[in-house]
Amino acid sequence: MIEFLSPVWPDRADARPPKKRPASLEGVSVALVDDNLDIPFTTHLETLMTTRYGAKVRRLVKPSGTAPSPAALIADAAEADVAVVGIGL
Amino acid sequence: MNLISERVTADDYDEAIELFYDRHWTDGLPVVLPTPKRVQALIDYVKREPQESLGAIPPKGGQATIEKLAINAVMGGCRPEHFPVVIAAIEAMLDPAHNLNGVLQTTHMCVSLVIVNGPIARALGINSRDGVFGNGYRGNGAIGRGVRLALWNLGGAVPWDTDKATMSHPGEYAFCIAEEEEDNPWRPLHVERGCPEGSSAVTVFACEGPHSTFCYGTPEEMLHVLTDTMCALGNNNLHVLGQTLVVLNPLNAEEFAKRGWSKDDVRRYLWEHARRPIGDVRACGVVHEQFRKMERDAGRYPLRWDLDNPTTRVPITARPEDIHIAIAGGRSYFAAVLPGWGGFGGFAVTRRIP
């Protein structure tokens, strides 16, 4: 028998469970978090979600595309039913 | 022993090795098993409280406790005497200037290089000479991999999840060198960056892999080649500034010094001449323009270059000081250029090793 130690950090016991994924976007509030690198793309995405799928979209802008959103912005986005974010600039 | 990590058991060595793969606790290579005895030896060596944390490693926020760092360092092959270097490297990477969160998740291929300076580099046999970015030396391999495994297991940016690197490079397994200080006419990198003479330190800098640079001859001939390599259109630096690293071999440095060039003379020449006409830069396309605009809007791209003037030659960094120069490698024909991520981060940070 060999004994060794786990190299990973344990999952938080108090981690907030993810929200239930809605069946459709009809009437759903969406936080669309953007870094304004490509505003036409984000506007197009907003239009599609609003006109084709009936979502209620609110745009939030993070100050940098290469750093995490501030805590207040994350808390704001968490008020919505769904949040759309990007990673990996 | 005050070790609180979960204890895991396996019937034999083979089963243990496979368990690390099954749980995604390794980077793709087998590991040294982090037994409590091995981990304790590293902690005893540095005489630090096991539950002391250097901070949360992004993006998933696992705490870089001395215990967790020791576990990952053992897995990478570190002996106790390697562990202070691993700790200092993680401390440096957690400095906000390095923007580790971005470095670990960007689509760019940058990886945080660890450069070790001072007596500890020689004592630990960390290679600074022929084949410096290659294999064959335990210090480079074990420290480099111990650091990477800590980022892997505590930060949790993995390529099928939030590590979005389009290409990445082999430095993701281990990326650690020493600077050559004996065969070097100039002050060592860490002393330039504020550490006392005779001290030991690490400098981390997020960069691409080394670009070979056929660099031999007079100072003017060497600079001609270096400047061309540094301002390739594919580099982020040319579009969004940031920092870059030039590694000259000891013979290069000797040739410069014999002709009266200081390291700062070389740095300034490189900054003034590693430039491209704005027309070349514009021809790269609209996306590159958008990135530059984003950097200007964020206040990270100085306005002192008139980008609407067709005679403007665009620099690769905002200031000469953002060109880092280190001495390493064999006495031969080749230098290396390691472009950075750009103005987004990955900037060089230096930390003393106690």
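Refer to the structure above for everything that follows.
Fair warning: this is a prediction, and the values are worked out from it, not measured in the lab. (Residues numbered from 1 in each chain as written. Chains lettered and ligands numbered in written order. Predicted model: local features only at pLDDT ≥ 70, side-chain atom pairs only at ≥ 80, totals over all residues. Heavy atoms only, no water.)

(A) Region of the structure containing the overall build of chain B. Counting its secondary structure elements, chain B contains 14 helices and 13 strands. At 21 Å, chain B has a C-alpha radius of gyration in line with the 20 Å of a compact globule built from 354 residues. Dimensions of chain B, computed from the C-alpha atoms along their principal axes, are close to 70 × 45 × 30 Å. In chain B, 81% of the contacts between residues at least 6 apart in sequence involve partners at least 24 apart. Accessible area for chain B stands at about 14,200 Å²; split by element, carbon and sulfur atoms hold 52% of it. Charge-centre separation for chain B: the mean point of 35 positive side chains lies 3 Å from the mean point of 43 negative side chains. (Helix = DSSP H or I, 4+ residues; strand = E, 2+ residues; numbered from the N terminus. Rg over C-alpha atoms; globule rule 2.2 N^0.38 Å. Contact = heavy atoms within 4.5 Å. Areas by Shrake-Rupley, 256 points an atom, 1.4 Å probe, with all protein chains shown as cover. Lys, Arg positive; Asp, Glu negative; His and termini not counted. Charge placed at Lys NZ, Arg CZ, Asp CG, Glu CD.)

(B) Looking closely at the side chain of B:His324. Residues and elements named next belong to chain B. Along the chain, His 324 falls in strand β11 (residues 323–327). A polar side-chain atom of His 324 sits 2.8 Å from a polar atom in the side chain of Gln 243. Once residues lying within four places of it in the same chain are set aside, the contact partners of His 324 are Arg 193, Phe 205, Gln 243, Thr 244, Leu 245, Val 246, Arg 267 and Ala 348. (Polar contact = N/O pair within 3.5 Å; in protein donor to acceptor, adjacent residues only side chain to side chain.)

(C) Quick peek at the packing of helix α9 (residues 219–230) of chain B against helix α12 (residues 263–273) of chain B. Residues and elements named next belong to chain B. Contact geometry of α9 with α12 gives a least axis separation of 9 Å together with a crossing angle of 50°. By the angle between their directions, the pair α9 and α12 is classed as oblique. Judged by the twist between their axes, the crossing of α9 over α12 is right-handed. Contacts between α9 and α12 involve Leu 223, Leu 226, Thr 227 and Met 230 from the first element and Val 266, Tyr 269, Leu 270 and His 273 from the second. Here the contact of α9 with α12 is built from residues that sort into six nonpolar, two polar and no charged. (Axes fitted to C-alpha atoms, helices over the stretch in contact; angles between N-to-C directions. Parallel < 35°, antiparallel > 145°, perpendicular 65-115°, else oblique. Left-handed = near helix turned anticlockwise from the far one by under 90°. Nonpolar A, V, L, I, M, F, W, Y, C, P; charged D, E, K, R; others polar.)

(D) Just the sheet that holds strand β4 (residues 111–117) of chain B, in detail. Residues and elements named next belong to chain B. The mixed open sheet is built from four strands, whose spatial order is β5-β4-β6-β13. The two strands at the open ends of the sheet, each matched to only one other strand, are β5 (176–178) and β13 (349–353). With direction set aside, neighbouring strand axes in the sheet form an average angle of 25°. For strand β6 (residues 200–207) and β13, the ladder comprises five bridges, and the chain directions are antiparallel. Within β13, the residue paired with Val 204 across the bridge is Val 349. With respect to the sheet, helix α4 (residues 83–93) is in contact with β4, β6 and β13, its orientation differing from that of β13 by roughly 150°. (Pairing = 2+ DSSP bridges.)

(E) The pairing of β11(B), seen in detail. Residues and elements named next belong to chain B. The element β11 is extensively covered by neighbouring structure, given that five of its five residues are classed as buried. Here β11 shows no split at all, with Ile 323, Ile 325 and Ile 327 on one side and His 324 and Ala 326 on the other all buried. Pairing geometry for strand β8 (residues 244–248) and β11, over five bridges, is parallel. When the bridges of β11 are listed, Val 247 appears paired with Ala 326. (Buried < 20%, exposed > 50% of the residue type's maximum accessible area, 1.4 Å probe, protein only.)

(F) Fine view of the packing of aromatic side chains. Residues and elements named next belong to chain B. One pass over the full model with this rule turns up 14 aromatic pairs over all chains. Considering the side-chain rings of Phe 20 and Trp 25, the 5.5 Å spacing of their centres and the 75° angle between planes classify their relative orientation as edge-to-face. The exposure class of Phe 20 is buried, given its relative accessible area of 1%. An angle of 70° between the planes, with centres 5.9 Å apart, marks the rings of Trp 261 and Tyr 269 as edge-to-face. A residue is classified by how much of its surface remains accessible, and Trp 261, at 17% relative accessible area, is buried. (Phe/Tyr/Trp six-rings, centres within 6.5 Å; stacked < 30°, edge-to-face > 60°.)

(G) Broad picture of the interface of chain A and chain B. With 18 residues of chain A at the interface, the matching set in chain B holds 43 residues. Here chain A and chain B share an interface that buries about 2,700 Å² over both sides, 66% of which is from carbon and sulfur atoms. Counting every contact that joins chain A to chain B gives one salt bridge. Among the salt bridges present, the one from A:Glu3 reaches B:Arg7, with a minimum N-O distance of 3.1 Å. Looking at the side of chain A that touches chain B residue by residue, the classes come out as 12 nonpolar, four polar and two charged. (Buried area = accessible area lost by both parts, 1.4 Å probe. Salt bridge = Lys/Arg side-chain N within 4 Å of Asp/Glu carboxyl O.)

(H) How the structure looks around helix α7 (residues 138–155) of chain B. Compared with an ideal rise of 1.5 Å per residue, which puts 18 residues at 26 Å, α7(B) spans 24 Å between its outermost C-alpha atoms and is within 8% of the ideal. Most of α7(B) is tucked away, with 16 of its 18 residues classed as buried. (Expected span 1.5 Å × (residues − 1).)

(I) Highlighting the nonpolar core. Residues and elements named next belong to chain B. Counting residues in each nonpolar core, the largest one holds 57 residues, and the members touching the most others are Phe 83, Val 116 and Val 202. Broken down by element, this core gets its largest block of residues, nine residues, from α4. With residues near it in sequence (within four places) discarded, Phe 83 still touches Leu 42, Val 46, Ile 66, Leu 69, Ala 70 and Ala 73. Of all hydrophobic cores here, the second largest spans 31 residues; its members include Met 222, Leu 226, Leu 248 and Ile 278. (Core = buried A, V, L, I, M, F, W, Y, C linked by side-chain atoms within 4.5 Å.)

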